[in-house]
Amino acid sequence: MNKLVRPGDPDWEQARVGRVFNARRPSREPAAVLLATCEQDLVDGVDLARANGWKVSVRSGGHSWAAWSVRDDALLIDLGGFREMTYDPATTIVSVTPSVKGGQELRPFLASHGRFFAGGHCPTVGVGGFLLQGGQGYHARGWGWAAEQIAAIDVVTADGELVRASETENSDLFWAARGAGPGFFGLVTRFHLRTRPFPAAIAETVHVYPLDAFDEVMTWLDGMHHTVSPDVEIVAVSAEGTLAVTGLALCDTMPAAVEALAPLETCPAIGRALVRRTAEPSSFESHAERQLAANPEGYRYIVDNAWLTGLSPAVTELFTTLPTARSFVIWFSMAPLRELPDMAFSMQSEVYCATYLVYDDPADDEPLRAWLTDRMTALQPVTAGQYLGDSDFTARQLRFMGDAQYRRLHEIRSRRDPESLFAGYLTGDGGQPANINPWETP
Ligand SMILES: Cc1cc2nc3c(=O)[nH]c(=O)nc-3n(C[C@H](O)[C@H](O)[C@H](O)COP(=O)(O)OP(=O)(O)OC[C@H]3O[C@@H](n4cnc5c(N)ncnc54)[C@H](O)[C@@H]3O)c2cc1C
């Protein structure tokens, strides 16, 4: 049964921010929160917002770092109590509601059918926000963006209609839903996702180096990652004063996984590795445990990211001077780049770099934000743009879509949601993001 919570109600604070992952909570005040439990609640919620002159904001998994769901004077429709998954063996399509957690819920459910969907790396991320912004799931390098596996969505439009959108029906909504992220102008009630066979062999290589080997290791990795089999996810992580280069192979057989990971043994600094684990059998469960440990709940997070076009002294500086013990920064290979299908998601480069500052003292909010903005700004000469998933446009905005795609998104939005019922991007000044790299404009 749904519930409408208003400011002043005893459970207001819980309804407003209780399901926000980041302990650095915003002070923004919605007009009300609708705790939805079924599809009809979502249709009714959109009608209720329109009738009251409120905007609509949405919360699925609550993992947006910048708490995009919490918007002033909006009706926040919280989908936490609406969790459903059904699998159709005839089509191998799984249908899920947006608050389902990609790792903790969808993965085991599909595994029981021998199937797999590449959700986010942290098992508690909701599929809703993840898929709408593109979705950098397992093996994005070889398999592409998770949003590319959306066969259809069910969506409540700004005029309150519940419609199906796919390549052949309401294709403008379908195009926008694959990449618009928090700028999407509809309420997705269900995703219909293509699945793949559950990987039969999972193996992992982990080489941990001292940080003073950064330039040698990363010059080698940056020069060769595009040659590694697409079956390997390649990530370099700086954390706790070391640099870990990891390769995760998802293959049909263990010998194939061992062979796919072999190129990672060619690092010229391999003799300096503090830890050297080569092509060891692994599992999604052990990965999930490590992700949860690296992203603990109850902490404050400040994040930013850049699509890199190469290395630079500023990259070295970022990776080797992290300001808090739990903070980490990742270098995530997408090379060689695959051509994207026609969808709103349209900004990427061969290397994704994201920085996560993790801490617990509110007094550190401003100094850490200033530290991160300085370090990320110094990456500009090797920056192509930003990924929505680890961005906060109230702090820093770069290009996150191609120009043509951004124009098309505006055009569809002005037709589908002419009165801007849906809250849209959170930019700090209430405007739309500029979608530019400021240093590139005359
Ligand atoms: C610990 C952690 C690990 C992460 N790992 C990854 C990763 O591996 N790969 C990756 O790509 N991202 C990752 N992210 C980023 C994450 O995918 C995004 O923050 C995403 O927006 C979270 O989705 P959500 O539904 O949980 O968040 P929410 O905060 O609930 O939703 C974010 C926004 O998406 C929109 N939205 C959500 N659901 C709907 C809907 N049903 N209809 C319309 N609009 C909707 C709304 O604007 C909403 O405010 C991670 C985040 C965290 C905190």
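Residues numbered from 1 in each chain as written. Predicted model: local features only at pLDDT ≥ 70, side-chain atom pairs only at ≥ 80, totals over all residues. Heavy atoms only, no water.

Student: Got a minute to help me understand the pairing of strand β18 (residues 351-359) in this structure?
Tutor: Within a regular strand, side chains alternate between the sheet's two faces. Extensive coverage of β18 is indicated by the burial of nine of its nine residues. Every second residue of β18 is oriented toward a common face, with V351, C353, T355, L357 and Y359 on one face and Y352, A354, Y356 and V358 on the other, all of them buried. Of the pairings in the sheet, the one linking strand β16 (residues 300-308) to β18 comprises nine bridges and is antiparallel in character. Counterpart to R300 in the pairing with β18 is Y359. Here strand β17 (residues 328-333) pairs with β18 via six bridges, running antiparallel. (Buried < 20%, exposed > 50% of the residue type's maximum accessible area, 1.4 Å probe, protein only. Helix = DSSP H or I, 4+ residues; strand = E, 2+ residues; numbered from the N terminus. Pairing = 2+ DSSP bridges.)

Student: Sorry, what's going on with the sheet that holds strand β1 (residues 3-5) here?
Tutor: Pairing between sheet strands relies on hydrogen bonds along the backbone, with the strands arranged either parallel or antiparallel. Read from one edge of the open sheet, four strands run β1-β2-β4-β3, paired in mixed fashion. The sheet terminates laterally at β1 and β3 (55-59), the two strands that pair on one side only. With strand direction ignored, the average angle separating the axes of adjacent strands in the sheet is 25 degrees. This element, helix α2 (residues 39-52), spans β1, β2 (32-35), β3 and β4 (74-78) of the sheet and lies at about 175 degrees to β4. (Axes fitted to C-alpha atoms, helices over the stretch in contact; angles between N-to-C directions. Contact = heavy atoms within 4.5 Å.)

Student: Sorry, what's going on with the state of the cysteines here?
Tutor: Covalent bonding between the sulfur atoms of two cysteines is what defines a disulfide. Taken as a whole, this structure holds zero disulfides when the rule is applied. With no disulfide of its own, C122 lies closest to C353 among cysteine sulfurs, the gap being 19 Å. (Disulfide = S-S within 2.5 Å.)

Student: When you look at helix α3 (residues 102-111) in this model, what are you seeing that I'm missing?
Tutor: At 3.6 residues per turn, the α-helix brings residues three or four places apart onto the same side. By the burial criterion, the buried members of α3 are G102, G103, L106, R107 and L110. Here the buried residues of α3 occupy an arc of 105 degrees about the axis, which is enough to place them on one side. At its buried positions, α3 is contacted by β5 (85-88), β6 (93-96), β7 (115-116), α4 (127-132), β10 (187-194) and α9 (284-294). (Arc of directions from axis to C-beta.)

Student: Quick question: what am I supposed to make of the nonpolar core here?
Tutor: Note that soluble globular proteins tend to have their nonpolar side chains buried in a common cluster. Ranked by internal contacts, the top residues of the largest apolar core, which has 57 residues, are I77, L106, L131, I153, F184, F191 and L193. Element by element, the count of residues in this core is highest for helix α6 (residues 171-177), at five residues. Excluding its chain neighbours within four sequence positions, the residues that come into contact with F184 are L132, I153, V155, L173, A176, A177 and F422. Core analysis: the second largest hydrophobic core is formed by 46 residues, A257, A273, A314 and L379 among them. (Core = buried A, V, L, I, M, F, W, Y, C linked by side-chain atoms within 4.5 Å.)

Student: Can you help me understand the side chain of D154 in this one?
Tutor: With respect to the helices, strands and loops of the structure, D154 is situated in strand β8 (residues 150-156). Non-local contacts of D154, meaning those with residues more than four positions away in its chain, are made with E39, L162, V163, R164, L187, V188, T189, R190 and H192.

Student: What is the right way to read the site of the ligand from this model?
Tutor: Every one of the 32 residues lining the ligand counts as a neighbour, but S60, G62, H121, Q136 and Y387 are closest to it. Q133 places a polar side-chain atom, nitrogen or oxygen, 2.9 Å from an oxygen atom of the ligand. Considering the ligand on its own, with 960 Å² of exposed area, one finds that the protein chains cover 95% of that surface. Those elements that provide at least two residues to the shell around the ligand are β3, α4 and β10. It is α4 that contributes the most residues to the shell around the ligand, four residues altogether. Classifying every residue of the shell around the ligand gives 14 nonpolar, 17 polar and one charged. (Near = heavy atom within 4 Å. Polar contact = N/O pair within 3.5 Å; in protein donor to acceptor, adjacent residues only side chain to side chain. Areas by Shrake-Rupley, 256 points an atom, 1.4 Å probe, with all protein chains shown as cover. Nonpolar A, V, L, I, M, F, W, Y, C, P; charged D, E, K, R; others polar.)

Student: Is there a simple way to explain the pairing of strand β14 (residues 242-251) in this structure?
Tutor: Of all ten residues making up β14, nine are buried, and the element is well covered by its neighbours. Strand direction decides the pairing type here: strand β12 (residues 201-210) and β14, joined by ten bridges, are antiparallel. Note on β14: the bridge partner recorded for Y209 is L243. Pairing of strand β13 (residues 232-239) with β14 involves eight bridges; the strand directions are antiparallel. Bridging from a neighbouring strand, I234 pairs with G247 of β14. Turn length for the β13-β14 hairpin, with the two strands adjacent in sequence and antiparallel, is two residues, and the turn residue E240 shows positive phi of about 50 degrees.

Student: What's the story with the sheet that holds β18 in this structure? I'm lost.
Tutor: The sheet built from eight strands is open, its strands ordered β15-β12-β14-β13-β17-β18-β16-β19 with antiparallel pairing. The open sheet is flanked by β15 (275-281) and β19 (383-385), the only strands paired with a single partner. Averaged over all neighbouring strand pairs, the angle between strand axes comes to 25 degrees, with direction disregarded. Where β16 and β19 come together, two bridges link them in antiparallel fashion. From the neighbouring strand, L308 faces β19, where its bridge partner is T383. Packed on one face of the sheet, helix α7 (residues 214-224) meets β12, β13, β14, β17 and β18 and runs near 25 degrees to β14. Helix α10 (residues 313-320) contacts β13, β16, β17 and β18 of the sheet and is inclined by roughly 130 degrees relative to β17.

Student: Would you mind going over the packing of aromatic side chains with me for this structure?
Tutor: The geometry of two aromatic rings is summed up by the distance between their centres and the angle between their planes. Summed over the entire model, instances satisfying the criterion amount to 22 aromatic pairs. Consider the rings of F21 and Y301, whose centres lie 5.3 Å apart with planes at 40 degrees: the pair is tilted. Linking F21 in the loop between α1 (12-17) and β2 with Y301 in strand β16, this pair joins segments that are 280 residues apart in sequence. The exposure class assigned to F21 is buried, which follows from its relative accessible area of 8%. We classify Y301 as buried; its relative accessible area is 0%. Arranged with centres 5.6 Å apart and planes meeting at 75 degrees, the rings of F400 and Y406 form a pair that is edge-to-face. When its relative accessible area of 4% is taken as the criterion, F400 is described as buried. (Phe/Tyr/Trp six-rings, centres within 6.5 Å; stacked < 30°, edge-to-face > 60°.)

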